[in-house]
There are 2 protein chains.
Amino acid sequence: MNRAQLFEQIKKKESCLCVGLDTDLLKIPKHLQHTEDPIFEFNKQIIDATHPYCVAYKPNIAFYEALGPTGWVSLQKTLAYIPKDIFTIADAKRGDIGNTSALYARAFFEQMNFDSITVAPYMGEDSVKPFLMRDKWVILLAHTSNSGSNDFQVMEVTIGKRRLYEEVILKSQQWATPDQLMFVVGATHPEKIASIRALAPDHFFLVPGIGAQGGDLEKVMQHGMNDSCGLLINSARAIIYASDGKDFAKRAGEEALKVQQEMSEYLTKYS
Amino acid sequence: MNRAQLFEQIKKKESCLCVGLDTDLLKIPKHLQHTEDPIFEFNKQIIDATHPYCVAYKPNIAFYEALGPTGWVSLQKTLAYIPKDIFTIADAKRGDIGNTSALYARAFFEQMNFDSITVAPYMGEDSVKPFLMRDKWVILLAHTSNSGSNDFQVMEVTIGKRRLYEEVILKSQQWATPDQLMFVVGATHPEKIASIRALAPDHFFLVPGIGAQGGDLEKVMQHGMNDSCGLLINSARAIIYASDGKDFAKRAGEEALKVQQEMSEYLTKYS
């Protein structure tokens, strides 16, 4: 899916919601535990209930990897089940020397057919480039939503007196255009979104941290949008675990609808 | 395996060699391609031929992940086949927000029983800590062996005028002792090994970059060793792909022996 197509979906659904499929065997409703593939069964019902209100799904790969080979099967089935007009993100945070990154690219873009993958920048250009060799997207970690983002990402570097995450955003723009590169920008730092937008005016940002992590949706949209919306805002736990009973999918759909309605309002108000 | 036990193995075998199991279906000998599990069959014969000369095996997880669920099965079988007195490293370069890192830890330390995992530092403390909750090791990326290590890792930060990788080494020592934490320090920067050793006198370093990547074994050992050797030096391609014929395992054993003999000489000369 290219940038124009993604923006089309956002306009059509009046939503920039990404639903995080952080599917944990320990948290899904008991009545699913005895189905043949509880992880896929849960995801399938979540997708059925939420797809009218979101433009992206983001399986968090750790949750599948923790289950061994069967987790990978559930992930493949989930990916195949997602409607084709919805953007897919492998939240994998990979990154390694060139020939190894090429194999991770093979895993997520060939073995599976994700539209995009999240990538860690620490190892630099040759660790990122192999993910750009196809007609696919890299979503590079810039300023993440967790507390540890204060450890290295915000360090001021002597060249230009910029923060490390700002250097990541600037330097990586030499590697790919806004048609192949997005950035992870946490909603838990809403005061910084405007300055980050200034560094990367045309790029999409994947924004985790609203919902359970406490980020402010309105501020993020007010200060983060560009001409093509430019935001995919993720919510996982607050939607997919809205209920742990038999009504989990219905409740997830209701929560997703609520977020979509807020987004619709801000899309009009701030565009 | 703890630090003392690892040093015991190094003394016993007169070797600090780690063999990288970067096993690629496209590179393994043709006569293995039609066995039931070519990846495991290759690894098994490589392990049989090289285990007298090495103290660690490091499967590069990307190579297995690129094969989908069957790759994970081959990886599990490989790990189970490695003799118990040999240290095992999941070269996965993971790192995510706390609750997600906890799941990666579950994948590599419970689903599989690796002794250690390589972790990327960019997301900071809460992305690393979940890997330290068991009696296992974190091997944190510091100064990697690839060309992209020049993009962010060597940036000078204003606090203390240190390089970013130096900050990673210093700050992370607040999170774990040398009994749970190692650092990745590439052999392709041999001139820096002495100064890195000064920052972390007691920690083990995992050193990639000799062999195919061109690092200098003698310089690394001369400037990098500490009282407990403190080095695990990785070689992958130069050993496991020494031949692509039916003699591949025998040739791998010969190459591993050659490296072990050099190591034995330097262990005496520089300790």
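Higher on the page you've got the structure.
Now for a quick tour of the structure.

The next thing to look at is helix α7 (residues 164–172) of chain A. Across the nine residues that make up α7 of chain A, a large majority, seven, are buried. Looking only at α7 of chain A, the buried set comprises Leu-164, Tyr-165, Glu-166, Glu-167, Val-168, Ile-169 and Ser-172 of chain A. At its buried positions, α7 of chain A is contacted by α6 (125–128), β5 (137–143), β6 (181–185) and α8 (193–199) of chain A together with α7 (164–172) of chain B.

Attention now goes to the interface of chain A and chain B. Contact residues are listed per partner, giving 48 residues for chain A and 48 residues for chain B. Looking at the side of chain A that touches chain B, the elements with two or more residues in it are α3 (61–65), α4 (69–81), α5 (98–111), α6 and α7 of chain A. Tallying contributions element by element places α5 of chain A first for the side of chain A that touches chain B, with seven residues. Its residues placed into classes, the side of chain A that touches chain B shows 21 nonpolar, 17 polar and 10 charged.

A few words now on the nonpolar core. Counting 184 residues, the largest nonpolar core has Leu-17, Ile-139 and Leu-140 of chain A together with Leu-17, Ile-139 and Leu-140 of chain B as its most contacted members. Among residues more than four places away in sequence, those in contact with Ile-139 of chain B are Ile-89, Ser-116, Ile-117, Thr-118, Val-119, Met-182, Phe-183, Val-184 and Leu-206 of chain B.

Here chain A sits on chain B after a turn of 180 degrees about the axis and a move of 0.0 Å along it, with an RMSD of 0.0 Å. Such a turn and shift between the copies fits a two-fold axis.

Residues and elements named next belong to chain B. Running from N to C, helix α2 (residues 38–50) and helix α4 (residues 69–81) point in directions that differ by 20 degrees, and their axes come no closer than 9 Å. When the interaxial angle is binned, α2 and α4 end up roughly parallel. Along this stretch, α2 crosses α4, giving a crossing that reads as right-handed. Residue-level inspection shows Ile-39, Phe-40, Asn-43, Lys-44 and Ile-47 of α2 in contact with α4, the latter providing Gly-71, Ser-74, Lys-77, Thr-78 and Tyr-81. Looking at the contact of α2 with α4 residue by residue, the class counts come to four nonpolar, four polar and two charged.

We now examine unusual backbone geometry. All names here are of chain A. For Cys-229, which is not glycine, the phi torsion reads 70 degrees and is therefore positive. Tracing the backbone through its elements, the reader meets Cys-229 in the loop between α9 (217–224) and β8 (231–235). Of the residues examined, Cys-229 has 24 C-beta atoms within 10 Å and is grouped as buried.

Attention now goes to the sheet that holds strand β3 (residues 87–94) of chain B. Residue and element names in this part refer to chain B. Pairing is parallel in the closed barrel, where eight strands are placed in the order β1-β2-β3-β4-β5-β6-β7-β8. In this sheet, adjacent strand axes meet at a mean angle of 30 degrees when their direction is disregarded. Looking at chain direction, strand β4 (residues 116–119) and strand β5 (residues 137–143) are connected through four bridges and run parallel. Paired with Ser-116 across the bridge in β5 is Trp-137. In this fold α7 packs onto β5 and β6 (181–185), with an angle of close to 155 degrees to the strand it touches most, β5. In this fold helix α9 (residues 217–224) packs onto β7 (205–207) and β8 (231–235), with an angle of close to 165 degrees to the strand it touches most, β8.

For the rest of this paragraph, the subject is the sheet that holds strand β4 (residues 116–119) of chain A. Residues and elements named next belong to chain A. Read around the closed barrel, eight strands run β1-β2-β3-β4-β5-β6-β7-β8, paired in parallel fashion. On average, each strand axis in the sheet is tilted by 30 degrees relative to the strand beside it, whichever way the strands run. Bridge count between β6 and strand β7 (residues 205–207): two bridges; the pairing is parallel. Bridged to Val-184 within β7 is Leu-206. Across the face of the sheet, helix α11 (residues 248–269) comes into contact with β1 (17–21) and β8 while running at roughly 155 degrees to β1.

About the criteria used
- Residues numbered from 1 in each chain as written.
- Chains lettered and ligands numbered in written order.
- Predicted model: local features only at pLDDT ≥ 70, side-chain atom pairs only at ≥ 80, totals over all residues.
- Buried ≥ 20, exposed ≤ 12 C-beta atoms within 10 Å, placed from the backbone.
- Helix = DSSP H or I, 4+ residues; strand = E, 2+ residues; numbered from the N terminus.
- Contact = placed C-beta atoms within 7 Å.
- Nonpolar A, V, L, I, M, F, W, Y, C, P; charged D, E, K, R; others polar.
- Core = buried A, V, L, I, M, F, W, Y, C linked by C-beta atoms within 7 Å.
- Least-squares fit on C-alpha atoms with pLDDT ≥ 70 in both.
- Axes fitted to C-alpha atoms, helices over the stretch in contact; angles between N-to-C directions.
- Parallel < 35°, antiparallel > 145°, perpendicular 65-115°, else oblique.
- Left-handed = near helix turned anticlockwise from the far one by under 90°.
- Pairing = 2+ DSSP bridges.

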